[in-house]
Amino acid sequence: MKNEMTYKNSIHNLGRLTSAIVLIMILLVPLIISMYFGIFPPFRNLLLGLGTVTMIYLPISIAEFLTYTPMLGSSASYLVFVTGNLSNLKIPCALTCIENAGVKPQSEEADVIATIAVAVSSLVTTAIIFAGVLALAPLRPVLESQFLKPAFEQIIPALFGAMSGYWILKQWELAVTPLFIVILLFIFLPVPYGTEGALIPVIGLLSVISARIFYKRGWIKQPDSNNGGSK
Amino acid sequence: MNYLEVANGNLLYFLTAFVILFVILQSLIFLKKAWLRGKEIGLSTETMREAVKTSAVFAVIPSIPIVIALIAIAPVLGTPFSWMRLSVIGSQSYELIAAGIGASSMGVKNIGDPRYTAQVFSNSMWVMSAGIIWGLVLCIFVLKKYQQGIKKVHQKDSFWAEIMVNSLFFGMLSVFLGRPVTSGGISLYVLLSSAFVMLIFTWAAKITKIRWITDFSLSLSMIAGMGFAVLFSQAGL
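Everything numeric here is computed off the predicted structure, so don't read it as measured data.

With that out of the way, let us pick up the overall build of chain A. Helices and strands together make up the secondary structure of chain A, namely 10 helices and zero strands. Listing every helix and strand of chain A by position from the N terminus yields α-α-α-α-α-α-α-α-α-α. With respect to the three principal axes, the spread of C-alpha positions in chain A is 65 × 55 × 40 Å. Taking all 231 residues of chain A together, the buried fraction comes to 56%. Accessible area of chain A: about 10100 Å², with a carbon and sulfur share of 71%. If the 14 positive side-chain charges of chain A are averaged to one point and the 11 negative ones to another, these points end up 5 Å apart.

Structure below.
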């Protein structure tokens, strides 16, 4: 059996290699199209656009990276940053699977389970999008039906409601501070739609600080077990 | 040349297929590696199978909004590129914003503007593609070091490391709870009902020790929440 170090190194090598390939492929697509059709945008306008989008998304990406990779472990992290849809799909999925498997978070076992969860959910999403492309015409009336519209609009509250039903009950001490701050913030500051993501690092940091204080004071008790439900 | 001839052209379909196939291959390679490693470190096949089942079922519902986003984006940006963007890294909210920035930096108001030419489309493609790479870049250059740092915290005090990661997670959870909780209305009712259904499932799983309840409770609670959303809106709430 490979020891942990050797395995980790092989994952980092594989992750870096495949991520670099994806990165190049992503950039090759506009390059090939621009060259083939002779529609390369003027350099100045291209830089202006890139500058604007980078200003918005570089800080968000750094925050996502710092927040999510410790939850996922190494190998799942490489996959999520290629496949996307982190907060609305991959993170809840990985955390639920780690919890259900009854393995300790951040252990090697959790790393394996998170990778399985992220890989399988990516494959399923890809398959569903593929089916969506093939069946765009017949699906449209269902997905755009007025009757079902509220169901699709409320997927995020339904997801995070269910997540909080489980997690807040399990570790309410950790939930109190960030929830309180966020609620105050939303009451007193108009947070524009779609910019919530920018709040995640700030609230995450405050949440960690408060957890540290609670921990130092001995207010957080070691959970009896990693509650695996029926495990 | 109408930009849609480029955007729905065969070349772009071909490139899209290529990228998506590679990403599928990457997922399969990682899946296989994780599976073998799991066996090496003593995880039972059953535990890993449960993870496959849970994640496969869970992924279905949150994928629906992605298909809806595709329906919204495909007519303006063409099917293949929208498809690739939503399958690789992207997310619904990002794509339209980035495509719009690509247009506005060419002096065109937005996608769909009569002056949205093939060249403007190519600028949108560049901006959308290059704007989203940062997470990947960080993984390539920083992830190993960062994970080693986390590992050090873990070795020093594993309980604190666990608390730290969980409190990061609660920070994220709180941010997504903020709007429905403060704005009230149907989102709040849905949130509360799916939380309540989840509580019942968690409790039922503990009492009955039935495995599938644990595996599917999150998905079922979500579906229940969505069902309530239809019910509440029919009731005029």
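Additional details are given in the paragraphs that follow.
It is worth spelling out the interface of chain B and chain A at this point. Listed as interface residues are 138 residues of chain B and, on the opposing side, 155 residues of chain A. Here chain B meets chain A over a buried area of about 13900 Å², counting both sides, of which 77% is carbon and sulfur. At the boundary of chain B with chain A, the tally comes to two salt bridges. The leading source of residues in the side of chain B that touches chain A is helix H8 (residues 158-183) of chain B, at 23 residues. The residue inventory of the side of chain B that touches chain A, partitioned by class, reads 91 nonpolar, 35 polar and 12 charged.

What follows is about the environment of serine 34 of chain A. Relative to the helices and strands, serine 34 of chain A is located in helix H1 (residues 4-37). Ignoring any residue separated from it by four or fewer positions in sequence, one finds serine 34 of chain A in contact with Ile39, Phe40 and Pro41 of chain A together with Ser122 and Trp126 of chain B.

Before going further, it helps to spend a moment on the pattern of salt bridges. Per the stated rule, a full pass over the model turns up 11 salt bridges over all chains. Linking lysine 170 of chain A and glutamate 99 of chain A is a salt bridge whose minimum nitrogen-to-oxygen distance equals 2.9 Å. Residue lysine 170 of chain A is found in helix H8 (residues 155-170), and its partner glutamate 99 of chain A is found in helix H4 (residues 86-101); the two are separated by 71 residues along the sequence. For lysine 170 of chain A, a relative accessible area of 26% puts it in the partly exposed group. Glutamate 95 of chain B serves as the salt-bridge partner of arginine 85 of chain B, at 3.3 Å between the closest nitrogen and oxygen. Of the two residues, arginine 85 of chain B sits in helix H4 (residues 79-87) while glutamate 95 of chain B sits in helix H5 (residues 92-104), which places them 10 residues apart along the sequence. The exposure class of glutamate 95 of chain B is buried, given its relative accessible area of 1%. Through salt bridges with shared partners, one network takes in Glu50, Lys53, Arg211 and Asp215 of chain B.

Below, the discussion takes up the confidence of the model for chain A. Looking at chain A, pLDDT values average 89 and 94% of them are 70 or higher. Of the regions scoring below 50 in pLDDT, residues 225-231 of chain A engages in 25 contacts with residues more than four places distant in sequence or in other chains.

If you look at helix H3 (residues 45-77) of chain B, its biggest bend is around 35 degrees, right at proline 62 of chain B. Directly after H3 of chain B, the chain includes glycine 78 of chain B, whose backbone phi takes a positive value near 85 degrees.

This part takes up the packing of aromatic side chains. By the definition in use, this model includes 19 aromatic pairs over all chains. For the ring pair tyrosine 36 of chain A and phenylalanine 37 of chain A, a centre distance of 5.0 Å and an interplane angle of 80 degrees mean the geometry is edge-to-face. Considering the side-chain rings of tyrosine 215 of chain A and phenylalanine 159 of chain B, the 5.7 Å spacing of their centres and the 70 degrees angle between planes classify their relative orientation as edge-to-face. Of the two residues, tyrosine 215 of chain A sits in helix H10 (residues 199-216) while phenylalanine 159 of chain B sits in helix H8, which places them in two different chains. By relative accessible area, tyrosine 215 of chain A is classed as buried at 18%.

Now for the environment of phenylalanine 81 of chain B. Take phenylalanine 81 of chain B: it is sitting in helix H4. Each C-alpha atom, one on phenylalanine 81 of chain B and one on threonine 16 of chain B, is 6.8 Å from the other, the two residues being 65 residues apart in sequence.

A separate point is unusual backbone geometry. Positive phi, normally seen in glycine, also occurs at asparagine 85 of chain A, with a value near 50 degrees. You can see asparagine 85 of chain A is positioned in the loop between helix H3 (74-83) and H4.

A few words now on the packing of helix H2 (residues 43-72) of chain A against H8 of chain B. H8 of chain B packs onto H2 of chain A with a crossing angle of 130 degrees between their chain directions and a minimal axis gap of 9 Å. Between H2 of chain A and H8 of chain B, the crossing angle belongs to the class labelled oblique. Considering only the axes of H2 of chain A and H8 of chain B, their crossing is left-handed. In this structure, H2 of chain A uses Leu66, Thr67, Tyr68, Pro70 and Met71 of chain A to contact H8 of chain B, whose residues at the interface are Val165, Leu168, Phe169 and Met172 of chain B. Tallied by class, residues from the contact of H2 of chain A with H8 of chain B come to eight nonpolar, one polar and no charged.

So, on to the domain arrangement of chain B. Residues and elements named next belong to chain B. As far as domains go, chain B holds domain 1 (3-132) and domain 2 (184-237). Placing the centre of domain 1 and that of domain 2 at their C-alpha centroids yields a distance of 29 Å. Together, the buried faces of domain 1 and domain 2 total about 710 Å²; carbon and sulfur atoms form 75% of this surface. Counting every contact that joins domain 1 to domain 2 gives one salt bridge. Note that glutamate 50 is salt-bridged to arginine 211, the shortest N-O span being 3.7 Å. Applying the counting rule to domain 1 against domain 2 returns one residue pair in polar contact (both at pLDDT 80 or more).

Let us now look at empty space enclosed by the protein. Applying the stated rule across the entire model yields four cavities of 30 Å³ or more. Computed from the structure, the second largest cavity encloses a volume of approximately 50 Å³. Looking at the second largest cavity, the residues that line it are Thr83, Asn85, Lys90, Ser122, Thr125, Thr126 and Ile129 of chain A together with Leu86 and Ser87 of chain B. Elements represented by at least two residues in the lining of the second largest cavity include exactly helix H5 (108-134) of chain A together with H4 of chain B. Per element, the largest residue contribution to the lining of the second largest cavity is four residues, and it comes from H5 of chain A. Among the residues making up the lining of the second largest cavity, the classes are represented as two nonpolar, six polar and one charged.

The rules behind each value
- Residues numbered from 1 in each chain as written.
- Chains lettered and ligands numbered in written order.
- Predicted model: local features only at pLDDT ≥ 70, side-chain atom pairs only at ≥ 80, totals over all residues.
- Heavy atoms only, no water.
- Helix = DSSP H or I, 4+ residues; strand = E, 2+ residues; numbered from the N terminus.
- Buried < 20%, exposed > 50% of the residue type's maximum accessible area, 1.4 Å probe, protein only.
- Areas by Shrake-Rupley, 256 points an atom, 1.4 Å probe, with all protein chains shown as cover.
- Lys, Arg positive; Asp, Glu negative; His and termini not counted.
- Charge placed at Lys NZ, Arg CZ, Asp CG, Glu CD.
- Contact = heavy atoms within 4.5 Å.
- Buried area = accessible area lost by both parts, 1.4 Å probe.
- Salt bridge = Lys/Arg side-chain N within 4 Å of Asp/Glu carboxyl O.
- Nonpolar A, V, L, I, M, F, W, Y, C, P; charged D, E, K, R; others polar.
- pLDDT = per-residue confidence, 0-100.
- Bend = angle between axes of the 7 residues up to and from the residue.
- Phe/Tyr/Trp six-rings, centres within 6.5 Å; stacked < 30°, edge-to-face > 60°.
- Axes fitted to C-alpha atoms, helices over the stretch in contact; angles between N-to-C directions.
- Parallel < 35°, antiparallel > 145°, perpendicular 65-115°, else oblique.
- Left-handed = near helix turned anticlockwise from the far one by under 90°.
- Domains from an automatic or database assignment.
- Polar contact = N/O pair within 3.5 Å; in protein donor to acceptor, adjacent residues only side chain to side chain.
- 1 Å grid on protein atoms, 1.4 Å probe; cavity = no way out; pocket = protein on both sides within 12 Å on 5 of 7 lines; lining within 4 Å.
- Points joined across faces, edges and corners; volume = space filled by probe spheres on them.

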